[in-house]
Amino acid sequence: MTGEKQFQNNTGMTLRVILTVRQGDDPNQNLKDVNFSLEPNASQRIKYGNSQNPFLNVMEISAIQPGTGGIMTSRVVLRRGDVVDNQFNMHDTVVFAWDGTNVMLSFTNTWTVR
């Protein structure tokens, strides 16, 4: 595991994403933040960690939606093996979608597992 994921933006909005990288395997220890923007309908592979620090703890997503203002969502790992930990750290691809009210996240394996 190298601390790298593919991010796909299907929201129709430009997203600003902050990834908080875990130090080692303890969810109570954060190493650094990695920031990036993702244009509508764009896909980008982001390297955020290394073999010693390949795990994510937090994902914050923000966007400006015309007519509704700012939108922000965040997902946080509370403990190893919880639902968010497994979503973040057992999948190589994150897809962002818009349901009319919220930015939705889905997780899949598309390039590391064949």
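Described below are features of the structure shown in this document. (Residues numbered from 1 in each chain as written. Predicted model: local features only at pLDDT ≥ 70, side-chain atom pairs only at ≥ 80, totals over all residues. Heavy atoms only, no water.)

**Focus on unusual backbone geometry**
Consideration 1: Backbone geometry at N41 places phi at a positive 60°, although glycine is not the residue there.
Consideration 2: By the secondary structure assignment, N41 is in the loop between β3 (30–38) and β4 (43–47).
Consideration 3: The exposure class assigned to N41 is exposed, which follows from its relative accessible area of 61%. (Helix = DSSP H or I, 4+ residues; strand = E, 2+ residues; numbered from the N terminus. Buried < 20%, exposed > 50% of the residue type's maximum accessible area, 1.4 Å probe, protein only.)

**Notes on the sheet that holds strand β7 (residues 93–98)**
Consideration 1: Spatial ordering of the open sheet is given by β4-β1-β7-β8, a layout of four strands whose pairing is mixed. The sheet terminates laterally at β4 and β8 (103–108), the two strands that pair on one side only. Averaged over all neighbouring strand pairs, the angle between strand axes comes to 25°, with direction disregarded.
Consideration 2: In the sheet, strand β1 (residues 4–10) pairs with β7 via five bridges, with the strands oriented parallel. Counted as the bridge partner of Q8 is V95 from β7. (Pairing = 2+ DSSP bridges. Axes fitted to C-alpha atoms, helices over the stretch in contact; angles between N-to-C directions.)

**Examining the environment of N10**
Consideration 1: Position of N10 among the secondary structure elements: in strand β1.
Consideration 2: Overall, the relative accessible area of 40% leaves N10 in the partly exposed class.
Consideration 3: When the C-alpha atoms of N10 and V103 are compared, they prove to be 9.6 Å apart, with 93 residues separating the residues in sequence.
Consideration 4: For N10, the contacting residues outside a window of four places in its chain are V95, F96, A97 and W98.
Consideration 5: One polar contact links N10 to Q8, side chain to side chain, over a distance of 2.9 Å. (Contact = heavy atoms within 4.5 Å. Polar contact = N/O pair within 3.5 Å; in protein donor to acceptor, adjacent residues only side chain to side chain.)

**A word on the sheet that holds strand β6 (residues 69–76)**
Consideration 1: Strand order in this open sheet of four strands is β3-β2-β5-β6, and the pairing throughout is antiparallel. A strand with exactly one partner marks an edge of an open sheet, and here the two such strands are β3 and β6. Across the sheet, the mean angle separating the axes of adjacent strands is 15° when strand polarity is ignored.
Consideration 2: Of the strand pairs in this sheet, strand β5 (residues 56–65) and β6 are connected by eight bridges, and their pairing is antiparallel. Following the sheet pairing, A63 is matched in β6 by I71.

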